[in-house]
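As a plain string of letters, each chain reads:
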Amino acid sequence: MHPLVNIAVSAARKAGNFIARYADRIEDLRISTKSRNDFVSEVDRRAEALIVDTIRRAYPQHAILAEESGAQQGDDDSVRWIVDPLDGTTNFLHRIPHFAVSIGVEVRGRLEHGVIYAPPTQDLYIASHGSGAQLNSRRIRVSGRLDTDSALIGTGIPTRADALEAYVPMLGRVAEDTAGIRRAGAASLDLAYVAAGRLDGFWELGLKPWDIAAGLVLVQEAGGLLSGVCADDSDDDLLAHGNVVAATPRLHPWLLERLRRAAPKPA
Ligand code: IPD
Ligand code: CA
Ligand code: CA
């Protein structure tokens, strides 16, 4: 394994084991609201501190972007760690066992490595640019499903009224012609599931860099295609706008065409 991946795995496991210890003690946690429908607990913050500490011990000079503590510059900004200590906080707080630690590593502006660890299943997803994607040390590939009628598509449903207005027509367009839609509640795992061939495609609007950095590497290395959702979303800078379509090469053009037909037309 690449040394950066070794550290990412060690950090993800430490944080994941810490989170797992609290999964049965949710009622003891202090929970606050960052904004409407956006919760954070002391577990998110302490898991992030464990990850940042692990990275800092190995690479004190690197930059870090972490959900709860924000951006930290380093003397060597050519490497940037992008960290979501607990993706799927709402699931975690409702005792739904579907959440993950997500760590992506960008080198000279390009996403190079992705590590996602899901404490409830102990599944560990790893991908490095040019080296493929793995789930628990086994190579994974996107699904080879050919027909859209049997495709299962993941998504994330926004909670703000203006975002819902743009999103709901998309949901209708995709739902009517597939085997079904899943809103599982952890975007990192949605992308990991596309990489592992469990989902055939996924889209969501307005994701943050820490939700997707690791998952984007996984999908790419598992043979999937990635793009923005709307016509003016750059495909080369998904981290910047966070509107993401990920799917198998066969389904991606179909899914993108459906989403764009439903997207609001620019004024
Ligand atoms: C959220 C999850 C969810 C997605 C939201 C994210 P969090 O992350 O990934 O699936 O729909 O947009 O904010 O808050 O649980 O880290
Ligand atoms: Ca997240
Ligand atoms: Ca989070």
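The preceding data block contains the structure.
Participant: Help me out: how do you make sense of unusual backbone geometry in this one?
Facilitator: With the exception of glycine, most residues fall at negative phi, and the peptide bonds are largely trans. A positive phi angle, close to 60 degrees, is found at Q122, a residue other than glycine. Note on placement: Q122 falls in the loop between β7 (110-118) and β8 (123-128). Note on Q122: relative accessible area 56%, which makes it exposed. Its identity is not glycine, yet N136 carries a phi of approximately 50 degrees, on the positive side. Here N136 shows up in the loop between β9 (132-135) and β10 (138-140). A residue is classified by how much of its surface remains accessible, and N136, at 37% relative accessible area, is partly exposed.

Participant: Is there a simple way to explain the coordination of the calcium ion (ligand 2) in this structure?
Facilitator: Under perfect tetrahedral coordination by four donors, a metal shows angles of 109.5 degrees; under perfect octahedral coordination by six donors, it shows angles of 90 or 180 degrees. Protein coordination at the calcium ion (ligand 2): the donors are D84 (OD), D87 (OD) and D211 (OD), at 2.1 to 2.3 Å from the metal. On the primary sequence, the residues serving as donors to the calcium ion (ligand 2) are separated as D-x2-D-x123-D. Separating the calcium ion (ligand 2) from the calcium ion (ligand 3) is a distance of 3.7 Å, and D84 supplies a donor atom to each of them. One end of the pair, D84, is in strand β5 (residues 76-87); the other, D211, is in helix α6 (residues 209-221), and 127 residues separate them in sequence. By relative accessible area, D211 is classed as buried at 11%.

Participant: For this particular structure, what's the right way to read the site of ligand 1?
Facilitator: Neighbouring ligand 1 are 13 residues, the closest being D87, G88, T89, A187 and E204. Between ligand 1 and L86 there is a distance of 3.2 Å, counted from an oxygen atom to a backbone nitrogen or oxygen. Between R183 and ligand 1, the recorded distance is 2.9 Å, taken from a side-chain N or O atom to an oxygen atom. Look at ligand 1: alone it shows 380 Å² of surface, and the protein chains cover 80% of it. The greatest single-element share of the shell around ligand 1, amounting to three residues, is contributed by β5.

Criteria and cut-off values
- Residues numbered from 1 in each chain as written.
- Chains lettered and ligands numbered in written order.
- Predicted model: local features only at pLDDT ≥ 70, side-chain atom pairs only at ≥ 80, totals over all residues.
- Heavy atoms only, no water.
- Helix = DSSP H or I, 4+ residues; strand = E, 2+ residues; numbered from the N terminus.
- Buried < 20%, exposed > 50% of the residue type's maximum accessible area, 1.4 Å probe, protein only.
- Donors = N, O, S within 2.8 Å, 3.2 Å for Na, K, Ca; no water.
- Near = heavy atom within 4 Å.
- Polar contact = N/O pair within 3.5 Å; in protein donor to acceptor, adjacent residues only side chain to side chain.
- Areas by Shrake-Rupley, 256 points an atom, 1.4 Å probe, with all protein chains shown as cover.

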